[in-house]
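Residue-level structural notes
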Amino acid sequence: MKEIVPAPSAIVRNDFESVRDLFSRNVVPSYGRFDLALSHGAGSYVFDVAGRRYLDLGGGIAVNCLGHAHSAITEALIGQSQKLIHVSNLYYTEPQGRLAAEIVKRIGAGKVFFSNSGAEANEGLFKVARKFGHDEGRFEILTAANSFHGRTLAGIAATGQDKVKKGFEPMTPGFRHIPFNDLDAARAAISPATVAILIEGVQGEGGVTPAMPDYLLGLRALCDEKKLLLFMDGVQDGHYRTGKYQSFQRILENTPGGEKFLPDGLSMAKSLGGGFPIGAFWVRAPYADLLGPGMHATTFGGTPLACAVALKIFEVIEREKLDVQARKLGDWTLNELKRLAEKYPGVVKNARGLGFMLGLELVEKEKIPAFASSDKSAAVQFTNRMHAAGVMVIPAGLQTIRLLPPLNLKPQEAGEGVSKIEEVVKSLAS
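First, a word on scope: everything that follows refers to the structure included in this document. Since the structure is predicted, the reported quantities are computational estimates derived from the model, not experimental observations. (Residues numbered from 1 in each chain as written. Predicted model: local features only at pLDDT ≥ 70, side-chain atom pairs only at ≥ 80, totals over all residues. Heavy atoms only, no water.)

All right, on to the sheet that holds strand S5 (residues 140-144) then. Reading across the sheet, the 7 strands line up as S4-S12-S11-S10-S7-S5-S6 and stay open at both edges, with mixed pairing between neighbours. Looking at the sheet topology across the chains shown, the edges are occupied by strand S4 (110-115) and strand S6 (175-178). Strand-to-strand, the axes of this sheet are offset by a mean angle of 20 degrees, without reference to chain direction. As defined by bridge partners, strand S7 (residues 194-200) adjoins strand S10 (residues 229-233) across 5 bridges and the pair is classed as parallel. Counted as the bridge partner of isoleucine 197 is leucine 230 from S10. (Pairing = 2+ DSSP bridges. Helix = DSSP H or I, 4+ residues; strand = E, 2+ residues; numbered from the N terminus. Axes fitted to C-alpha atoms, helices over the stretch in contact; angles between N-to-C directions.)

Below is the structure:
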């Protein structure tokens with residue numbers, strides 16, 4: 001670890017209160033931060049300013065697919081930074097072209113636009129839809145209840161959760177929400193203005209809820225019938241997190257007709273850069289040229305540096321077969337979490353997910369005596385107890401925690417995480 005992680009700076013060596021004071025005086029308070037000040041990490045572990053170690057099962061919210069301080073990412077950053085860091089998209093660079101080709105190879109015939117984040121990638125899909133339906137006056141996009149599509153004004157309008165909209169009304173027009181996994185509701189919601197449907201393969205912020213195979217196939221047929229675009233938000237559930245490159249490939253792998261399924265567009269980010277900011281959207285071949293010169297752009301999208309890192313991540317995942325790792329170890333972990341639901345029904349309601357995108361749903365806060373009197377949600381209170389136990393997890397909604405570990409999580413680390421989760425669950429059950 002000493003060879004990978006440099007010595008902490010003077011500020012990092014200060015105690016937690018000093019770091020928090022810097023934030024309170026200088027950083028916009030738009031995040032509900034936990035009382036942790038982190039200084040460095042290695043592999044599946046991070047360390048706070050006091051030197052305490054935590055097993056990171058949150059992965060920066062599905063970002064750190066190779067864990068912390070991975071030598072391959074460091075080498076890619078150093079090597080490319082000695083050549084080109086940024087030259088703008090007025091010119092061609094080989095890393096961007098190669099990365100686009102790798103993405104197309106894994107999804108299907110089409111083209112890729114590079115952005116900086118998942119929200120920006122979704123914004124690009126919104127513009128593809130608007131351009132597609134413009135001449136017919138169609139502009140409306142149907143999205144799912146409990147979905148999450150980013151924090152831009154259009155992103156919160158697309159998101160099917162009221163909590164992200166409060167205080168920012170009126171909403172950007174052109175979005176309506178429908179029940180998730182309900183094909184009849186989707187059909188009934190289509191209006192003359194509807195141009196596209198956008199869903200997540202596995203809802204993340206909404207509580208780790210996978211789409212059903214019949215729902216995906218049904219949406220594809222419905223969109224074909226009504227001449228709508230079918231978009232998928234793969235920002236959190238993509239890049240091998242479910243054990244396949246994209247979640248729809250895992251969901252439909254044993255479903256007749258599933259091998260022919262393709263959305264018309266798909267957004268991605270998070271694990272694509274393994275911690276280095278990069279986003280992208282892929283558009284299927286018939287619609288890949290809808291956005292022509294001057295119609296869409298971004299200064300920092302697809303820089304040589306970002307693309308070099310993303311290419312290296314593909315290389316590591318394939319060489320080490322981390323897709324297989326995520327599937328096998330994820331299945332084992334899910335079975336263990338289901339065991340906890342059976343053993344401690346007074347605390348755990350159920351467990352669900354695919355690969356390394358797992359959710360542990362707790363019972364209602366009022367049914368857990370240790371949580372009932374607090375104004376904090378059950379998910380936040382459980383997360384705080386996990387931190388005290390030395391494990392980092394991510395809340396989702398009011399009563400679900402997410403496990404989004406690195407794809408190279410080791411079996412013994414998964415076992416450690418399950419053991420610590422059971423300790424916390426057991427303490428709440430007693």
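Let's shift gears to the side chain of threonine 255. Positionally, threonine 255 belongs in the loop between helix H10 (247-251) and strand S11 (265-268). Threonine 255 gets classed as buried once you look at its relative accessible area, which sits at 15%. Discounting residues that sit within four places of it in the chain, threonine 255 has contacts with Pro213 and Leu217. (Buried < 20%, exposed > 50% of the residue type's maximum accessible area, 1.4 Å probe, protein only. Contact = heavy atoms within 4.5 Å.)

This next bit is on the packing of helix H4 (residues 71-81) against helix H11 (residues 304-319). Closest axis-to-axis distance for the H4/H11 pair is 9 Å, and the angle between their directions is 145 degrees. H11 is crossed by H4, and the crossing has right-handed handedness. Packed against H4, whose contacting residues are Ala72, Ile73, Ala76, Leu77, Gln80 and Ser81, the element H11 presents Pro304, Leu305, Ala308, Val309, Lys312, Ile313 and Val316 at the interface. Here the contact of H4 with H11 is composed, by residue class, of 10 nonpolar, 2 polar and 1 charged. (Left-handed = near helix turned anticlockwise from the far one by under 90°. Nonpolar A, V, L, I, M, F, W, Y, C, P; charged D, E, K, R; others polar.)

If you check helix H9 (residues 213-226), its first and last C-alpha atoms are 20 Å apart, about what 14 residues at 1.5 Å a residue would give, namely 20 Å. Every buried residue belonging to H9 is among Tyr215, Leu216, Gly218, Leu219, Arg220, Leu222 and Cys223, and all of these are buried. Buried-residue contacts for H9 involve S6, helix H8 (183-189), S7, S10, H10 and strand S12 (279-284). Trailing H9 by a residue or two, lysine 227 shows a phi angle of about 55 degrees, which is positive. (Expected span 1.5 Å × (residues − 1).)

Turning our eyes to something else, we now look at the sheet that holds strand S15 (residues 391-392). A sheet is described by the order of its strands in space; here 4 strands give the open sequence S1-S2-S3-S15, paired in mixed fashion. With one partner strand each, in any of the chains shown, strand S1 (38-42) and S15 form the two edges of the open sheet. The pairing of strand S2 (residues 45-48) with strand S3 (residues 53-56) spans 3 bridges and is antiparallel. Counterpart to tyrosine 45 in the pairing with S3 is leucine 55. Along the sheet, helix H15 (residues 411-429) makes contact with S2, S3 and S15, crossing S3 at roughly 105 degrees.

Right, let's talk about the pairing of strand S17 (residues 400-403) for a bit. Where burial is concerned, the two faces of S17 agree: the one with Thr400 and Arg402 and the one with Ile401 and Leu403 are both buried. Two elements, strand S14 (residues 357-362) and S17, share 4 bridges in a ladder whose sense is antiparallel. Bridge assignment links leucine 360 to a residue of S17, and that residue is isoleucine 401. Taken together, the 3 bridges between strand S16 (residues 394-396) and S17 define a ladder with antiparallel strand orientation. Across the sheet, the residue bridging to isoleucine 394 is arginine 402, located in S17. Counted along the chain from S16 to the antiparallel partner S17, the turn is 3 residues long, and its residue glycine 397 has a positive phi close to 70 degrees.

Quick look at the nonpolar core now. Leu99, Ile103, Ile197, Leu216, Met268, Phe382 and Ile421 are the most contacted members of the largest nonpolar core, which totals 91 residues. Here the element with the most residues in this core is H11; it accounts for 9 residues. Discounting residues that sit within four places of it in the chain, isoleucine 103 has contacts with Val112, Phe114, Tyr245, Met268, Leu272 and Phe314. (Core = buried A, V, L, I, M, F, W, Y, C linked by side-chain atoms within 4.5 Å.)

Time to look at H15. With 19 residues, H15 extends 27 Å from end C-alpha to end C-alpha; this agrees with the ideal 27 Å at 1.5 Å per step. Of all the positions in H15, only Glu413, Ala414, Gly417, Val418, Ile421, Glu422, Val424, Val425 and Leu428 are classed as buried.

Moving on, we get to a nonpolar patch on the surface. Taken together, the side chains of Leu22, Phe23 and Val27 present a nonpolar region at the surface, about 210 Å² in accessible area. Mapped onto the fold, valine 27 is located in the loop between helix H2 (16-26) and S1. The class of valine 27 is partly exposed, set by a relative accessible area of 35%. (Patch = residues over 30% accessible without salt bridge, like charges linked within 9 Å, V, L, I, M, F, W, Y side chains within 5 Å. Areas by Shrake-Rupley, 256 points an atom, 1.4 Å probe, with all protein chains shown as cover. Salt bridge = Lys/Arg side-chain N within 4 Å of Asp/Glu carboxyl O.)

Take phenylalanine 180: it is sitting in the loop between S6 and H8. Of the residues examined, phenylalanine 180 reaches a relative accessible area of 15% and is grouped as buried. Between the C-alpha atoms of phenylalanine 180 and glutamine 203, which are 23 residues apart in sequence, the distance is 9.2 Å. Excluding its chain neighbours within four sequence positions, the residues that come into contact with phenylalanine 180 are Ala144, Ala145, Ile199, Glu200, Gly201, Gln203, Thr209, Pro210, Ala211 and Tyr215.

Cis geometry is adopted by the peptide bond preceding proline 170, which originates at glutamate 169 and carries an omega value of 0 degrees. If you trace the backbone, proline 170 turns up in the loop between helix H7 (153-158) and S6. Notably, serine 88 is not glycine yet its phi reads approximately 75 degrees, a positive angle. Among the secondary structure elements, serine 88 is positioned in the loop between H4 and helix H5 (94-107). Judged by relative accessible area, which is 23%, serine 88 ranks as partly exposed. A positive phi angle, close to 75 degrees, is found at tyrosine 240, a residue other than glycine.

Let's shift gears to the packing of H5 against H11. Where H5 meets H11, the closest approach of the two axes is 8 Å, and the angle between their N-to-C directions is 40 degrees. When the interaxial angle is binned, H5 and H11 end up oblique. Pair H5 / H11 crosses with left-handed handedness. Taking contact as the criterion, the partners of Pro95, Gln96, Arg98, Leu99, Glu102, Ile103 and Arg106 in H5 are, on H11, Pro304, Cys307, Ala308, Ala310, Leu311, Phe314 and Glu318. Its residues assigned to classes, the contact of H5 with H11 shows 9 nonpolar, 1 polar and 4 charged. (Parallel < 35°, antiparallel > 145°, perpendicular 65-115°, else oblique.)

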